[in-house]
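Tertiary structure, described
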Amino acid sequence: MYPNGLFPHGWEQYLLGGLLIGAGVALLFVLTGLIGGMSTVYSSTWSYVVSRPFFQQSNLTSSRVWRLAYATGLIAGAALWLVLSGQPSRVAVSVPTWQLFIGGILVGYGARLSQGCTSGHGICGLASLSRPSLVAVITFMGTAFLTANIMARVLAPVVGR
Amino acid sequence: MASTIIPTVTRHGERASAVKPAALIAAALVSGALFGFGLALSTMIRPDVVLDFLRFTDLGLMLVMGGGVLVTLVAYQLAPRLLRRPLLGGVFALRAAALDRPMVVGAAIFGIGWGLCGVCPGPAIAGLGAGSYELGWAIAGIALGALAQGMTAKSR
């Protein structure tokens, strides 16, 4: 099953990257006491333009400013990495547009219905020792594993990647 | 409904002072930058690599998640015990998700989408900083999905 080893591209960048992700979430908490999952920003930003009561809940309207700042920080951090990493230009994405868009719709709908994503349930929830978040993580890891494997067989039966 | 509980008094019974707006924005920017740098370094911003993670042909995701949870766990468990309040003011919030049907169904749908595109909400945004403008399609999709969820949610 693992002809190229468990980590075909090495493992250091994964562990270091993960520790830095945790450092960002931890720093936000120590400085401000806030829980820094990433999916809420997609709902809280709609609160600027959608008047439906759902989007005018105080936990969305009162957090939309810092959540946008947090998202801006994400972009700045990745840009800094691009400069320091010595990559020749940019990181191009090879996954087809329709997959990004359709997958994105499901990601957005599902994460908001579930009240958390990979960072909200996966990092913040597990670090809060939340049993509901553990259930969420096991659930989305399971369906993601199934979907990614099925898609690989449906879309690339010849390429054999 | 609220996924985060922000108490208005501290554990010590004092009224919580709000973090000043400028300090809050600065803290969010710096914390976000660390998070974004980590997402880029760990290749979470590359959907093709994430799809390899999700097929378990590369176990890197376990290290990314494990490293992230480890550091956050220390902060979440120790900071409220060691500090009276967060360093810039405010109060330590609690993450409180209820274990109910929508939560599990939502997680299942989220996973299907993630397995289809290899992009989750944070990396979609961070990837823009590494010039992956194609991720704009994922961001548009996630934003539309979030809108659909809010428009169909039972209003209280």
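These numbers come from a predicted model, not from an experiment. (Residues numbered from 1 in each chain as written. Chains lettered and ligands numbered in written order. Predicted model: local features only at pLDDT ≥ 70, side-chain atom pairs only at ≥ 80, totals over all residues. Heavy atoms only, no water.)

From N to C terminus, chain B includes six helices and two strands. Helices (α) and strands (β) of chain B occur, in sequence order from the N terminus, as β-α-α-α-β-α-α-α. In chain B, once contacts between residues fewer than 6 apart in sequence are set aside, the share between residues at least 24 apart is 59%. (Helix = DSSP H or I, 4+ residues; strand = E, 2+ residues; numbered from the N terminus. Contact = heavy atoms within 4.5 Å.)

Another aspect to go through is the overall build of chain A. Counting its regular elements, chain A contains seven helices and zero strands. Its helices and strands taken in sequence order, chain A reads α-α-α-α-α-α-α from the N to the C terminus. In terms of overall dimensions, chain A has C-alpha extents of about 50 × 35 × 35 Å along its principal axes. Looking at chain A residue by residue over its 161 residues, the buried ones come to 52%. Contacts in chain A between residues far apart in sequence, at least 24 positions, make up 43% of those at least 6 positions apart. By element, 69% of the accessible surface of chain A is carried by carbon and sulfur atoms, the whole surface being about 7,100 Å². (Buried < 20%, exposed > 50% of the residue type's maximum accessible area, 1.4 Å probe, protein only. Areas by Shrake-Rupley, 256 points an atom, 1.4 Å probe, with all protein chains shown as cover.)

Another aspect to go through is helix H1 (residues 21-41) of chain B. A rise of 1.5 Å per residue sets the reference length of H1(B), with its 21 residues, at 30 Å; its end C-alpha atoms lie 30 Å apart and thus fit the reference within 8%. Buried residues of H1(B): Leu24(B), Ala27(B), Ala28(B), Ser31(B), Gly32(B), Phe35(B), Gly36(B), Phe37(B), Gly38(B), Leu39(B), Ala40(B) and Leu41(B), and no others. The elements touched by buried residues of H1(B) are helix H1 (12-32), helix H4 (64-85) and helix H6 (118-127) of chain A together with helix H5 (121-129) of chain B. Just past H1(B), the residue Thr43(B) takes up positive phi, approximately 65°. (Expected span 1.5 Å × (residues − 1).)

Before going further, it helps to spend a moment on the nonpolar core. Side chains that are nonpolar tend, in soluble globular proteins, to be buried together. Among the nonpolar cores identified, the biggest contains 73 residues, and Trp81(A), Met44(B), Leu54(B) and Trp114(B) are the most heavily contacted of them. Counting residues per element, this core draws most heavily on H4(A), which supplies eight residues. Other than its neighbours up to four places away in sequence, Met44(B) contacts Leu39(B), Val50(B), Phe53(B), Leu61(B), Val64(B), Trp114(B), Cys120(B) and Pro123(B). Ranked by size, the runner-up nonpolar core spans six residues in total, among them Phe55(A), Leu60(A), Leu147(B) and Ala153(B). (Core = buried A, V, L, I, M, F, W, Y, C linked by side-chain atoms within 4.5 Å.)

All right, on to unusual backbone geometry then. Residue and element names in this part refer to chain B. If you check the backbone angles, Thr43 has positive phi at about 65° while not being a glycine. Assessed through its relative accessible area of 14%, Thr43 is described here as buried. The phi dihedral of Phe56 falls on the positive side, at around 60°, and the residue is not glycine. As for its position among the elements, Phe56 is in the loop between helix H2 (47-54) and helix H3 (60-82).

What follows covers helix H5 (residues 97-114) of chain A. Residues and elements named next belong to chain A. Taking 1.5 Å per residue as the helical rise, H5 with its 18 residues ought to reach 26 Å, and the 25 Å between its terminal C-alpha atoms agrees with that figure. Taken together, the buried positions of H5 are occupied by Gln99, Leu100, Gly103, Gly104, Val107, Gly108, Gly110, Ala111, Arg112 and Ser114. Of the residues flanking the end of H5, it is Gln115, one or two places downstream, whose phi is positive at about 60°.

A separate point is the environment of Arg95(B). Along the chain, Arg95(B) falls in strand S2 (residues 94-95). Linking Arg95(B) and Ser31(B), residues 64 residues apart in sequence, is a C-alpha distance of 18 Å. A distance of 3.1 Å separates a polar atom in the side chain of Arg95(B) from the backbone oxygen of Gly120(A). A polar atom in the side chain of Arg95(B) sits 3.3 Å from the side chain of His121(A). (Polar contact = N/O pair within 3.5 Å; in protein donor to acceptor, adjacent residues only side chain to side chain.)

What follows is about the packing of H2(B) against helix H4 (residues 101-117) of chain B. Residue and element names in this part refer to chain B. Remark: H2 packs on H4, axes separated minimally by 8 Å, with the N-to-C direction vectors making an angle of 120°. Judged by the angle between their axes, H2 and H4 are oblique. Every residue of H4 that contacts H2 at Pro47, Val50, Leu51 and Leu54 is listed here: Trp114, Gly115, Leu116 and Cys117. Class assignment of the residues belonging to the contact of H2 with H4 gives a composition of seven nonpolar, one polar and no charged. (Axes fitted to C-alpha atoms, helices over the stretch in contact; angles between N-to-C directions. Parallel < 35°, antiparallel > 145°, perpendicular 65-115°, else oblique. Nonpolar A, V, L, I, M, F, W, Y, C, P; charged D, E, K, R; others polar.)

Quick look at the confidence of the model for chain B now. All names here are of chain B. Residues of chain B with pLDDT of at least 70 account for 88%, and the chain-wide mean is 91. Looking over chain B, one finds the lowest element-wise mean pLDDT in strand S1 (residues 4-5), namely 68, and the highest in helix H6 (residues 135-152), namely 98. Reported confidences for the modelled complex are a pTM of 0.92 and an ipTM of 0.93. (pLDDT = per-residue confidence, 0-100.)

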